[in-house]
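Letter by letter, the chains look like this.
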Amino acid sequence: MKKYYLLAPGPTPMPPRVLQAMTRPILHHRTKEFVALMKSVSTDLRWLFETTSDVLVLNSTGTGGMEAAVTNFLSRGDKAIAVCGGKFGKRWAQIGKAYGVEMIEIEVPYGSAVDPATVARLLDEHKDVRAVFTQGSETSTGVAHPIREIAALVRHRPDTLMVVDGVTSVGVMPQPMDEWGIDVLVSGSQKAFMLPPGLAFIGVSAKAWSFAERSTLPKYYFNLTKERKTQGNGESAYTSAVSLVMGLRESLNMMKEEGLPAIFRRHALLAQATREGLVALGCELLAKTHPSAAVTAVYPPSGVAAGDVTSTLNKTYNITAAGGQDELKGKIFRIAHLGYAGRFDVVTAISALEMVFKELGHQFDSGIGVATAHRVLEAGGDL
Ligand SMILES: Cc1ncc(COP(=O)(O)O)c(C=O)c1O
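Residues numbered from 1 in each chain as written. Predicted model: local features only at pLDDT ≥ 70, side-chain atom pairs only at ≥ 80, totals over all residues.

### Topic: the sheet that holds strand 10 (residues 199-204)
Strand pairing within a sheet occurs via backbone hydrogen bonds; the two strands may be parallel or antiparallel.
Next, step 1: Reading across from one edge, 2-10-9-8-5-3-4 is the order of the seven strands in this open sheet, with mixed pairing throughout. Two strands bound the open sheet, and with one partner strand each, they are strand 2 (54-59) and strand 4 (102-107). Across the sheet, the mean angle separating the axes of adjacent strands is 20 degrees when strand polarity is ignored.
Next, step 2: Taken together, the six bridges between strand 3 (residues 79-84) and strand 4 define a ladder with parallel strand orientation. Bridging from a neighbouring strand, Ala80 pairs with Met103 of strand 4. (Pairing = 2+ DSSP bridges. Helix = DSSP H or I, 4+ residues; strand = E, 2+ residues; numbered from the N terminus. Axes fitted to C-alpha atoms, helices over the stretch in contact; angles between N-to-C directions.)

### Quick look at unusual backbone geometry
Next, step 1: With omega at -5 degrees, the peptide bond leading from Gly10 into Pro11 counts as cis.
Next, step 2: Tracing the backbone shows Pro11 in the loop between strand 1 (5-6) and helix 1 (16-22).
Next, step 3: Positive phi values are uncommon outside glycine, yet His290 reaches one of about 50 degrees.
Next, step 4: On the secondary structure map, His290 appears in the loop between strand 11 (284-285) and strand 12 (295-299).

### Notes on the nonpolar core
Next, step 1: Val132, Val184 and Ile202 are the most contacted members of the largest nonpolar core, which has 121 residues in total.
Next, step 2: Two domains each donate at least three residues to this core, and these are domain 1 (16-258) and domain 2 (259-379).
Next, step 3: Residue contacts for Ile202: discarding those within four places in its chain leaves Val55, Leu56, Leu58, Gly65, Ala68, Ala69, Val184, Val186 and Leu224. (Core = buried A, V, L, I, M, F, W, Y, C linked by C-beta atoms within 7 Å. Buried ≥ 20, exposed ≤ 12 C-beta atoms within 10 Å, placed from the backbone. Domains from an automatic or database assignment. Contact = placed C-beta atoms within 7 Å.)

### Observations concerning the site of the ligand
Next, step 1: For the ligand, the full set of nearby residues is Gly10, Thr61, Gly62, Thr63, Phe88, Gln135, Thr139, Asp165, Val167, Thr168, Gly188 and Pro197.
Next, step 2: Partitioned by chemical class, the residues of the shell around the ligand number three nonpolar, eight polar and one charged. (Near = placed C-beta within 6 Å. Nonpolar A, V, L, I, M, F, W, Y, C, P; charged D, E, K, R; others polar.)

### Points about the domain arrangement of the protein
Next, step 1: Here the domain parsing of the protein yields domain 1 (16-258) and domain 2 (259-379).
Next, step 2: Taken over C-alpha atoms, the centre of domain 1 sits 28 Å from the centre of domain 2.
Next, step 3: The residue inventory of the side of domain 1 that touches domain 2, partitioned by class, reads eleven nonpolar, nine polar and three charged.

### Concerning helix 4 (residues 87-98)
Next, step 1: Spanning twelve residues, helix 4 covers 16 Å between terminal C-alpha atoms, matching the ideal 16 Å at 1.5 Å per step.
Next, step 2: Taken residue by residue, helix 4 has Phe88, Gly89, Arg91, Trp92, Ala93, Ile95 and Gly96 as its buried positions.
Next, step 3: In the core, the buried residues of helix 4 are packed alongside helix 3 (62-71), strand 3, strand 4, strand 5 (129-135), strand 6 (137-138) and strand 8 (161-165).
Next, step 4: Following helix 4 by one or two positions, Gly100 adopts a phi angle in the positive range, close to 80 degrees. (Expected span 1.5 Å × (residues − 1).)

Below, the structure written as structure tokens:
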């Protein structure tokens with residue numbers, strides 16, 4: 001038997017409590033019991049998104065939430081800015097263009113964060129931009145964009161929305177919707193929510209709802225105005241993914257027990273230990289600044305092929321990590337540390353990588369990666 005370890009940035013491992021909650025007998029979605037469940041989940045999603053406005057639950061993966069963020073607030077011919085610093089930034093541009101939105105794409109070198117000054121310049125040049133789309137954490141590169149700074153640029157423009165793909169940043173890094181002025185914040189269940197894929201979440205500010213009134217893009221299943229009405233009454237417009245919502249109730253319980261400051265501290269510490277452990281082994285970080293606390297992306301040590309790292313992890317050790325995507329395919333590998341992740345997941349990852357690197361012929365002081373990660377974790381105190 002080889003124990004399986006999931007170290008990819010989604011789906012992420014599930015805690016037994018959440019798994020168990022999902023095995024309860026199914027409820028009908030138009031019952032008092034389910035209405036009470038939906039209402040309690042909505043309240044706690046607002047807590048997690050740090051907003052007093054609405055956070056809606058959609059039956060979809062994260063991309064459906066992204067599509068809803070375009071189709072519900074914009075109209076054909078509108079202009080929008082997309083921060084394209086990786087696969088998911090490009091996805092914003094692709095969705096916008098698919099619906100006839102004129103997308104101004106900021107090409108950010110993979111591994112870098114967008115410079116807010118570039119966004120400021122484009123907003124000055126194009127006074128009619130209706131939305132700025134970006135990622136909180138660009139999972140394909142392991143970069144966290146400076147959301148707070150960008151939101152500050154957008155906040156005082158009544159005709160522009162700040163839209164954030166928080167698929168791997170909600171529940172990982174601070175991103176208080178109301179305080180920072182984020183108008184639309186999207187996330188997905190298979191990341192920090194510690195759930196299977198299948199739910200998307202979308203926080204919507206009062207400003208964004210006023211855009212929704214004027215939006216003429218086509219929408220049917222992901223009609224957020226309709227969902228707002230029904231979810232306000234503890235139901236959803238169509239059949240709810242009942243078992244996923246039962247699991248969500250439990251994962252939110254776990255997050256509330258830990259508390260937001262501790263959640264953010266844990267992710268930051270795991271990320272730091274991963275980075276330092278990998279660098280000690282001769283890897284090079286892709287994100288030189290602004291690293292994400294959800295996932296660490298690195299170039300392997302020289303002489304080692306990234307594809308061999310992930311395939312050896314998989315074949316020899318039954319560990320799923322992630323390779324590079326798009327233009328980074330074959331060049332980097334990624335180790336995730338979000339959701340149901342603790343210090344020994346980092347130790348396992350670094351220890352396994354030491355074994356893999358040895359097998360692939362890379363020379364290093366045996367144990368140096370693990371010792372480095374230990375040092376960071378010990379200095380970080382109790383988690
Ligand atoms: C930052 C980011 N955005 C969007 C997505 C797309 O989500 P999904 O694959 O759930 O549709 C992902 C998935 O990994 C992601 O990491």
